[in-house]
Amino acid sequence: MSGVAVVTGAAGGIGSATVRQLTADGMTVVALDLDADAASAVSPQSYALDVSNADAVDDVMGRILAQFGRIDVLVNNAGITGSQEATTAHATPVDEFDKVMAVNVRGPFLCSRAVLPSMMEAGSGHIITIASAAAIVAFPARFAYTTSKGAALQLARSIAVDYARYGIRSNAICPGMVETPMTQWRLDQPELRARMEAQIPMGRVANPDEIADAVSVLASGRLGYANGSAIVIDGGWTSL
Ligand SMILES: NC(=O)c1ccc[n+]([C@@H]2O[C@H](COP(=O)([O-])OP(=O)(O)OC[C@H]3O[C@@H](n4cnc5c(N)ncnc54)[C@H](O)[C@@H]3O)[C@@H](O)[C@H]2O)c1
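Summarised in this report is the structure supplied together with it. (Residues numbered from 1 in each chain as written. Predicted model: local features only at pLDDT ≥ 70, side-chain atom pairs only at ≥ 80, totals over all residues.)

Re the overall build of the chain
Helix and strand counts for the chain come out as eight helices and seven strands. Expected size for 240 residues packed as a compact globule is a radius of gyration near 18 Å; at 17 Å, the chain falls within 12% of this value. Structurally, the chain occupies a C-alpha span of about 50 × 35 × 35 Å along its principal axes. Out of the 240 residues belonging to the chain, those deemed buried represent 47%. The long-range share in the chain, meaning contacts at least 24 apart out of those at least 6 apart in sequence, stands at 71%. (Helix = DSSP H or I, 4+ residues; strand = E, 2+ residues; numbered from the N terminus. Rg over C-alpha atoms; globule rule 2.2 N^0.38 Å. Buried ≥ 20, exposed ≤ 12 C-beta atoms within 10 Å, placed from the backbone. Contact = placed C-beta atoms within 7 Å.)

Listed below in structure tokens is the structure:
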């Protein structure tokens, strides 16, 4: 598999697993993250980027296009859950809501917006957005995160509808609970972990590589008729 892939939030659990997998698949992978040092540790091609900063997104995507001539796959992976104050709707501080939406929705919008013209010119491209099971079912007392992931899924579907005519596909992956720095604080508490795993038919949380596998299959061009799909990888959690 050849081509150029760009992964946001590349220094995190799912992001770094995705960079490793797509690199092993033979792609040239550009790693983008707020944390510049961590991004450069996962790929020789990396940039520091806050996905919610419109000028910075345009600048970095422009540099990548100037360097490699094309972006075949964009993985919108950067995401945050919000602080522990971001619970139910009436209790969520407005600035927490804005922060979560800025990274989880505005980020994929800005990154997609920046790469789509070059994909249209090439007549091909694939945007893969890491949404969440929270796009399918509401996570209790995680209002901002649930709202943002529902929007991220619809963002992926809207792009799928508008750009198929240009040879561009857009799909979302909706992981259940994955063991990463995002979830570690919960999974490190044995009681919480046991309660969480008891709700999953497969009886365990996912390893980040199991989500990277889904990205890899989509990026490979297999599942070639998938467009606007919500690919749920959750051990059966949302089927309960
Ligand atoms: N871990 C899970 O259980 C789980 C489940 C479903 C969906 N997801 C989604 O998967 C994606 C990756 O999650 P993860 O678990 O690997 O999280 P993580 O916290 O391990 O990694 C997230 C990465 O995103 C980066 N990041 C944060 N804000 C950014 C910004 N503004 N610009 C650029 N980079 C930024 C962080 O520096 C970090 O490296 C997220 O979108 C998350 O919502 C995670």
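Details of the site of the ligand
Around the ligand, a shell composed of 29 residues is seen, among which G9, G12, G79, T180 and M182 lie nearest. Looking at side-chain class alone, the shell around the ligand contains 14 nonpolar, twelve polar and three charged residues. (Near = placed C-beta within 6 Å. Nonpolar A, V, L, I, M, F, W, Y, C, P; charged D, E, K, R; others polar.)

With respect to unusual backbone geometry
Among all residues save glycine, negative phi is the norm, and among peptide bonds the norm is trans. Positive phi values are uncommon outside glycine, yet A141 reaches one of about 55 degrees. Within the secondary structure, A141 is located in the loop between β5 (125-130) and α5 (143-163).

Thoughts on the nonpolar core
A5 and L32 are the most contacted members of the largest nonpolar core, which has 71 residues in total. Ranked by residues supplied to this core, first place goes to helix α4 (residues 94-122) with nine residues. Contacts of A5, omitting those with residues within four sequence positions, involve L22, M27, V29, D72, V73, V75 and A219. (Core = buried A, V, L, I, M, F, W, Y, C linked by C-beta atoms within 7 Å.)

Quick word on the sheet that holds strand β6 (residues 168-175)
With respect to topology, seven strands assemble into an open sheet ordered β3-β2-β1-β4-β5-β6-β7, the strand pairing being parallel. The open sheet has two free edges, formed respectively by β3 (45-48) and β7 (230-233), since each of these has just one partner strand. Geometrically, the sheet is characterised by an average inter-axis angle of 20 degrees between neighbouring strands, direction not taken into account. Examined bridge by bridge, strand β1 (residues 4-8) and strand β2 (residues 28-33) share five bridges and lie parallel to one another. By the bridge assignment for β2, V4 is matched with T28. Strands β1, β2, β4 (73-76) and β5 of the sheet are contacted by helix α1 (residues 13-24), whose axis makes an angle of about 165 degrees with β2. Across the sheet, α4 touches β1, β4, β5 and β6, and the angle it forms with β4 is around 170 degrees. (Pairing = 2+ DSSP bridges. Axes fitted to C-alpha atoms, helices over the stretch in contact; angles between N-to-C directions.)

Concerning the environment of G79
Within the secondary structure, G79 sits in the loop between β4 and α4. Residues G79 and E179 lie 100 residues apart in sequence; the distance between their C-alpha atoms is 15 Å. Residues contacting G79, with those up to four places away along its chain left out, are G9, V103, N104 and I130.

Comments concerning the packing of α4 against α5
The contact between α4 and α5 brings their axes to 9 Å, and the two run at 15 degrees. Taken together, the axes of α4 and α5 are roughly parallel relative to one another. As α4 runs across α5, the sense of the crossing is right-handed. For the pair formed by α4 and α5, the contact residues are E96, F97, V100, M101, N104, V105, P108, F109, S112 and L116 on the first element and A144, Y145, S148, K149, A151, A152, L155, I159 and Y163 on the second. The residue inventory of the contact of α4 with α5, partitioned by class, reads 14 nonpolar, three polar and two charged. (Parallel < 35°, antiparallel > 145°, perpendicular 65-115°, else oblique. Left-handed = near helix turned anticlockwise from the far one by under 90°.)

Focus: the packing of α1 against helix α8 (residues 208-219)
For the pair α1 and α8, the least separation of the axes is 8 Å and the interaxial angle reads 50 degrees. One element, α1, and the other, α8, form an angle in the oblique class. Considering how the two elements wind past one another, α1 and α8 form a crossing that is right-handed. Counted together, G13, I14, A17, T18, Q21 and L22 of α1 and P208, D209, I211, A212, D213, V215, S216 and A219 of α8 form the full contact between these two elements. By residue class, the composition of the contact of α1 with α8 is eight nonpolar, four polar and two charged.

Looking at the pairing of β6
Looking along a regular strand, one sees the side chains alternate between the two faces of the sheet. Extensive coverage of β6 is indicated by the burial of eight of its eight residues. Every second residue of β6 is oriented toward a common face, with I168, S170, A172 and C174 on one face and R169, N171, I173 and P175 on the other, all of them buried. Between β5 and its parallel partner β6, the chain crosses via α5, and the hand of that crossover is right-handed. Sheet analysis places β6 next to β7, joined by four bridges and oriented parallel. The residue bridging I173 from the neighbouring strand is I231, located in β7. (Right-handed = clockwise from strand over helix to strand, strands pointing away.)

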